[in-house]
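# Inside the fold
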Amino acid sequence: MSSRNQNGLTEKQIEKCLLAWEQLGGNEYCILDTSEASAHNSCTRFDQIKQMVYLGADVMPGKGTEARSRMSMLACLAHELAHFERYKKGYDRPTNKPDMLLDEAEASLDASFNPTISQKDRVDLVEDAQDQIVSWLQRIRQ
């Protein structure tokens, strides 16, 4: 289970995230809503209905050792941007498990090709995709 940051973001952290979003190219076509970012336990997520990404406390890495926990802020934002880009290409995002896990894996793989991210981020995103696929396989075999 992922263990990402739960503490609300500071103004300085939010500014850093906005700069990272711009660096990733997100500003060109997708809004990064920061209205929930300072709230404890808030979630970074793509809202398909509103077609925007919400910035949450969990954009920052946590204490866990699995890829999803240690993924950098930039990798996390690239993952959410990939959800948006996949939606714009016409992918219908499943919202129920187990298929939601495949969508998560595909978004991480897509994000791993963002030219802005580092090699470490790329490895973490691919490893996250692998973890999501393994979880999907475990669920469908039950």
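Residues numbered from 1 in each chain as written. Predicted model: local features only at pLDDT ≥ 70, side-chain atom pairs only at ≥ 80, totals over all residues. Heavy atoms only, no water.

## Describing unusual backbone geometry
This is how the line gets drawn: Strands are runs of DSSP state E lasting at least 2 residues, helices are runs of H or I lasting at least 4, and numbering of each runs from the N terminus. Three exposure classes are used, based on accessible area relative to the maximum for each residue type with a 1.4 Å probe and protein chains only: buried under 20%, partly exposed in between, and exposed over 50%.
Residue Lys97 is joined to Pro98 through a cis peptide bond whose omega torsion reads 10°. By the element assignment, Pro98 lies in the loop between helix H3 (73-88) and helix H4 (99-111). Within the chain, Asn41 stands out as a residue other than glycine whose phi angle is a positive 70°. Examined against the element boundaries, Asn41 turns out to sit in the loop between strand S1 (31-33) and strand S2 (45-47). Residue classification places Asn41 among the partly exposed residues on the basis of a relative accessible area of 47%. The backbone of Gln51 sits at a positive phi, close to 55°, despite the residue not being glycine.

## A few points about the pattern of salt bridges
Stated precisely, the cut-off is as follows: For salt bridges, the criterion is a side-chain nitrogen of Lys or Arg within 4 Å of an Asp or Glu carboxyl oxygen.
Evaluation of the coordinates by the stated rule reveals nine salt bridges. With its nearest N and O atoms 2.9 Å apart, the salt bridge here joins Arg45 to Glu36. Classification of Arg45 as partly exposed rests on a relative accessible area of 30%. When its relative accessible area of 28% is taken as the criterion, Glu36 is described as partly exposed. Here Arg86 makes a salt bridge to Glu106, at a shortest N to O gap of 2.5 Å.

## Some details on the sheet that holds strand S3 (residues 52-54)
Convention followed: Note: two strands are recorded as paired if DSSP finds a minimum of 2 bridges between them. Angular values range over 0 to 180 degrees, each being the angle between N-to-C directions of two axes fitted as lines to C-alpha atoms, with helices fitted over their stretch in contact.
Strand order in the open sheet made by the three strands is S1-S3-S2, with mixed pairing throughout. With partners counted over all chains shown, the strands left at the sheet margins are S1 and S2, one partner each. Neighbour-to-neighbour, the strand axes of the sheet open up by a mean angle of 30°, direction not taken into account.

## Regarding H3
Just so we agree on the cut-off: Given a helix with a known number of residues, its expected span is that number minus one, times 1.5 Å.
Relative to the 22 Å expected for 16 residues at 1.5 Å per residue, H3 spans 23 Å between its end C-alpha atoms, a close match to the ideal helical length. Trailing H3 by a residue or two, Gly90 shows a phi angle of about 105°, which is positive.

## Concerning the nonpolar core
Put simply, the test is: To define a nonpolar core, start from buried Ala, Val, Leu, Ile, Met, Phe, Trp, Tyr and Cys residues and group those joined through side-chain atoms within 4.5 Å. The contact definition used throughout considers only heavy atoms, calling two residues in contact when any of these lie within 4.5 Å.
Core analysis: the largest hydrophobic core is formed by 28 residues, its most contacted members being Leu9, Cys17, Leu55, Val59 and Leu77. Of all elements in the fold, only helix H1 (11-24), H3 and H4 reach the threshold of two or more residues within this core. The element best represented in this core is H3, accounting for nine residues. Those residues in contact with Val59 that sit more than four places away from it in its chain are Arg4, Leu9, Cys17, Thr44, Ser72, Met73, Cys76 and Leu77.

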